[in-house]
Number of protein chains: 2
Amino acid sequence: MKIAVLGGDGFVGWPTSLHLSEQGHDVHIIDNLSRRWIDTELGVQSLTPMDSIQERTRIWHQETGRRIHFHLIDIARDYDVFKSWLSEHQPDAIIHFAEQRAAPYSMKTDRHKNYTVNNNVNATHNLLNAMVDTGVNSHLVHLGTMGVYGYSTVGAAIPEGYLPVGIETMDGKTVQQDILYPANPGSIYHMTKCLDQLLFQFYAKNDGVRITDLHQGIVWGTHTEQTRRHDQLINRFDYDGDYGTVLNRFLIQAAIGYPLTVHGTGGQTRAFIHIQDSVRCIELALENPPAKGDKVKIFNQMTETHRVKDLAELVAGLTDGKVAYLPNPRKEAAENDLVVKNDQFLELGLEPITLEKGLLDEVVEVAKKYAYRVDRSRIPAVSAWTRDIAPTLNADPEGKNLKTVS
Amino acid sequence: MKIAVLGGDGFVGWPTSLHLSEQGHDVHIIDNLSRRWIDTELGVQSLTPMDSIQERTRIWHQETGRRIHFHLIDIARDYDVFKSWLSEHQPDAIIHFAEQRAAPYSMKTDRHKNYTVNNNVNATHNLLNAMVDTGVNSHLVHLGTMGVYGYSTVGAAIPEGYLPVGIETMDGKTVQQDILYPANPGSIYHMTKCLDQLLFQFYAKNDGVRITDLHQGIVWGTHTEQTRRHDQLINRFDYDGDYGTVLNRFLIQAAIGYPLTVHGTGGQTRAFIHIQDSVRCIELALENPPAKGDKVKIFNQMTETHRVKDLAELVAGLTDGKVAYLPNPRKEAAENDLVVKNDQFLELGLEPITLEKGLLDEVVEVAKKYAYRVDRSRIPAVSAWTRDIAPTLNADPEGKNLKTVS
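(A) Summary view of the relation of the copies chain B and chain A. Structural alignment of chain B on chain A gives an RMSD of 0.0 Å, achieved by rotating through 180° and translating 0.0 Å along the axis. Taken together, the turn and the small shift mark the pair as related by a two-fold rotation axis. A high fraction, 98%, of the interface residues of chain B reappear at the interface in chain A, so the copies pair face to face through one surface.

Pasting the structure below:
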């Protein structure tokens, strides 16, 4: 297949591109390199030393003889350029990662809120619009998020995208309908993924676009089979307060003797998936497209759930780390349960890599190995969800005076 | 109250501004005048001769001694300018009409789809973002649309914004939740109003913004008490294939002896409200704001429903017009029922102007009076919902060869 990977220079986009290239697909990365620009803006960098996309693809070719093509296009801003590209290349599938993906970054200031909405909505809409206008028949696979779901506090399992509800008619009957699971996003970033869902629903209905939406959990892990092939193929690893996900941050905190900082009570439950499984799920989604005219096919792309507090203790146990509790920068429920259905991927053959099994590798091969590159001052979460919360946040960037619990 | 009317130069915005000014409020119109630019783009004009916004506000002052202030600001593009304005003026209420509001225009070409998404999403998000960032405590009243609702085909009455559903928990209980009524938009324009709903929900939850969303039906009628005061205060009346709503188009077709063109079977049922009632509803919404921390308050702003076919026959009966059936440019169900709850406005004292009572005035005072200004060639609907539909549309702009039924 000819496959376009929009955002193929990013944390999941890059290993996905390698994986699909290895399987013999003709992979075209389209990226505006915005993630690298945001590193520059924030003055942070990947823990792992990461080469340019041009250099990475050169190394891939050197190691495997396979070509991954790179096209510098901003799909959110340069609609006409992207449309021409699409029309010329007619990919069989398009994998869409091309969105700003950090909740804290999206809540940083009003400028960052606007950027996230503008970038993400326009990227997705330009893509759909160009697909319809050029008449390409590509299968669109989008990386969504578990964060679109709400009502995880009532104790019901979260289905894969659709909720069956009974609607009472005027003649007293109850008609069953499958509705898009009610959106209840917790940040501007998550909200844009909810907006995406409505765009997808409309274009599937009106134009018959074939769309798969992957509601992904928090991705952990760094290496995949392909990124291990050469030092210069390594994936990025973010640990800063904006882009570092909770597990990465615990790992790096443990590696440098910084307390493992839990926000709030740590009673928040989150869904996780290893990067290798994430890449495998995308492959499975590509192999199982919806038919033209079908509604959007939604998968929950996650393999296990954990309370943040339990994760901290797990990492602390492996590393002799200490846990510290800090005010929560987010406006969210202090505690929530989370049970998620992911039967579809399991039925298609996914065999999950568990945290229990893979976490130690991550401690040794990534966090400890590259700990010399950590900038301690970038670890604290500094983006507050509301003005009231901002003054309560950590003013101890070095993490030296944090009160830890054993 | 100091009230900002965003989009106050438009069809509902203008009479709303006059109405609120007459009641003694300090009214500030903010508008980028895009609706006038679109007239220029399409080469169409209001049936009624309409003055510039500067001239209209001058006449209003001359007739009543009251000032309506006008500020030329594009809230979708000029975030910083709007934020400064908001910070300086601190309005008590903001009425948000500042969106591209025609479904056919939104489906015209890929460029029009992009414009509508971009303009509408950014207008709404910039507004919310600026409200939070400046810390103003304004009540936001948004003009939404009945078109956000779906599932009108199952025979259930449409509630005001929220649908109670039972969600089954893992321990076998059923928990009742009020969810936002599932969105099922029929055009890019309607979809943007569904996106708005999610933006409102998020900002109400995260930041406590007080928001009222008015899900409005098709507005008919031209005059209000205030627009009648002087010829130069007259409201706009659109009859072209993109901006003319179904009733306006029947009226003008009848006035010039053009067949009343029904799209498809005419079995589509739509909700309607008179412009005078629309203005009155906005007043009622302003007087009854939600409290800080409440969820978005949603009203159905409509007073009656009619099948398109019945409307055509009603107008034909009043005017000796003939009805013609044309292919439908829209992708929609051929027939649908529509029963809508609007108890909230009725309980607040709204006394609807019925079509039965008001339609004849509209025929005489507007359609026949200004019929000399009609450009027949602009009447056909030319924007197709999909590529397949486009070739089936009317190629008879003068309407001379249409087959009519008695």
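(B) Region of the structure containing the sheet that holds strand β1 (residues 2-6) of chain A. Residue and element names in this part refer to chain A. Across the sheet, which stays open at both edges, the 7 strands sit in the order β3-β2-β1-β4-β5-β8-β12 with parallel pairing between neighbours. Here the strands that pair on one side only, and so sit at the sheet edges, are β3 (68-72) and β12 (297-301). Sheet twist, expressed as the average angle between the axes of neighbouring strands with direction ignored, equals 20°. Two elements, strand β4 (residues 93-96) and strand β5 (residues 139-145), share 4 bridges in a ladder whose sense is parallel.

(C) How the structure looks around the pairing of β5(A). Residue and element names in this part refer to chain A. Counting buried residues in β5 gives 7 out of 7 residues, a clear majority hidden from the surface. Taking every second residue as pointing to the same face, both faces of β5 are buried, with H139, V141, L143 and T145 on one and L140, H142 and G144 on the other. In this sheet, strand β8 (residues 210-216) lies alongside β5 in parallel orientation, the contact comprising 7 bridges. Looking at the pairing, L140 lines up with I211 of β8.

(D) Region of interest: the interface of chain B and chain A. Listed as interface residues are 42 residues of chain B and, on the opposing side, 41 residues of chain A. When the residues that make up the side of chain B that touches chain A are grouped by side-chain class, the tally is 24 nonpolar, 11 polar and 7 charged.

(E) Focus on the sheet that holds strand β11 (residues 269-274) of chain B. Residue and element names in this part refer to chain B. Ordered in space as β9-β11-β13, the 3 strands form an open sheet in which the pairing is mixed. Looking along the sheet, the strands with just one partner apiece sit at the ends: β9 (218-220) and β13 (304-307). The mean angle between the axes of side-by-side strands here comes to 45°, regardless of whether they run parallel or antiparallel. Where β9 and β11 come together, 3 bridges link them in parallel fashion.

(F) Broad picture of helix α8 (residues 246-255) of chain B. Residues and elements named next belong to chain B. Of all 10 residues in α8, 10 are buried, a share of seventy percent or more. Of the positions making up α8, those classed as buried are V246, L247, N248, R249, F250, L251, I252, Q253, A254 and A255. In the core, the buried residues of α8 are packed alongside β9, β10 (260-263), β11, α10 (308-319) and α12 (355-368). At the C-terminal side of α8, G257 shows a positive phi close to 75°.

(G) The arrangement of the environment of I282(A) in detail. Residue and element names in this part refer to chain A. Here I282 shows up in helix α9 (residues 275-287). Residues I282 and H89 lie 193 residues apart in sequence; the distance between their C-alpha atoms is 21 Å. Among all residues touching I282, those that are not within four sequence positions of it are T16, I95 and V141.

(H) Examining the packing of helix α8 (residues 246-256) of chain A against helix α12 (residues 355-368) of chain A more closely. All names here are of chain A. Where α8 meets α12, the axes come as close as 10 Å, and the angle between the chain directions of the two elements is 70°. With respect to each other, α8 and α12 are oriented roughly perpendicular. Residues L251, I252, A254 and A255 of α8 lie in contact with α12, whose contacting residues are E362, V363, A367 and K368. A class-by-class count of the residues in the contact of α8 with α12 yields 6 nonpolar, no polar and 2 charged.

(I) Structural context of helix α6 (residues 110-134) of chain B. Along its 25 residues, α6(B) runs 35 Å from first to last C-alpha, staying within 8% of the 36 Å computed at 1.5 Å per residue. Counting buried residues along α6(B), 18 of its 25 residues qualify, which places the element largely inside the surrounding structure.

(J) Main features of the environment of N119(B). Residue and element names in this part refer to chain B. Take N119: it is sitting in helix α6. Residue N119 is classed as buried on the basis of its 21 C-beta neighbours within 10 Å. It is 9.5 Å that separates the C-alpha atoms of N119 and D74, two residues lying 45 residues apart in sequence. Beyond its immediate chain neighbours, meaning those up to four positions away, N119 contacts A76, E99 and Q100.

(K) Structural view of the packing of α6(B) against helix α7 (residues 188-207) of chain B. Residue and element names in this part refer to chain B. Remark: α6 packs on α7, axes separated minimally by 10 Å, with the N-to-C direction vectors making an angle of 15°. The angle between α6 and α7 places the two elements in the roughly parallel class. Remark: the crossing between α6 and α7 carries right-handed chirality. Note on element contacts: α7 touches α6 through I188, Y189, T192, L195, D196, L199, Y203 and D207, opposite K113, T116, V117, N120, V121, T124, H125, L128 and V132.

Thresholds, definitions, all that
Positions within a chain are numbered from 1, following the residues in the order the chain's sequence is written. Both sets of labels track the order of writing: A upward for chains, 1 upward for ligands. Under the rules for a predicted model, residues below a pLDDT of 70 receive no local features and side-chain atom pairs below 80 are neither given nor counted, while totals for whole chains, interfaces and linings still include all residues. Least squares is used to superpose the copies, and the fit set is the C-alpha atoms of residues whose pLDDT is at least 70 in both copies. In this description, any two residues whose backbone-derived C-beta atoms lie within 7 Å of each other are considered to be in contact. Here, a strand pair is defined by DSSP locating no fewer than two bridges between the strands. Secondary structure is summarised from DSSP: a helix means a run of H or I of at least four residues, a strand means a run of E of at least two, and numbering begins at the N terminus for each. Lines fitted to C-alpha atoms define the axes here, with helix axes fitted over just the stretch in contact, and angles between the N-to-C directions of these axes take values from 0 to 180 degrees. Think of it as a crowd count around each C-beta: if 20 or more other C-beta atoms lie within 10 Å the residue is buried, if 12 or fewer it is exposed, and in between it is partly exposed, with C-beta placed from the backbone throughout. Residues are grouped as follows: nonpolar covers Ala, Val, Leu, Ile, Met, Phe, Trp, Tyr, Cys and Pro; charged covers Asp, Glu, Lys and Arg; every other residue, Gly included, is treated as polar. Here the word oblique covers every angle except those under 35 degrees (roughly parallel), over 145 (roughly antiparallel) and from 65 to 115 (roughly perpendicular). Here a helix's expected span is defined as the number of its residues, less one, multiplied by 1.5 Å. Helix crossings are classified by the rotation of the near helix relative to the far one: an anticlockwise turn of less than a right angle makes the crossing left-handed, while a clockwise turn makes it right-handed.

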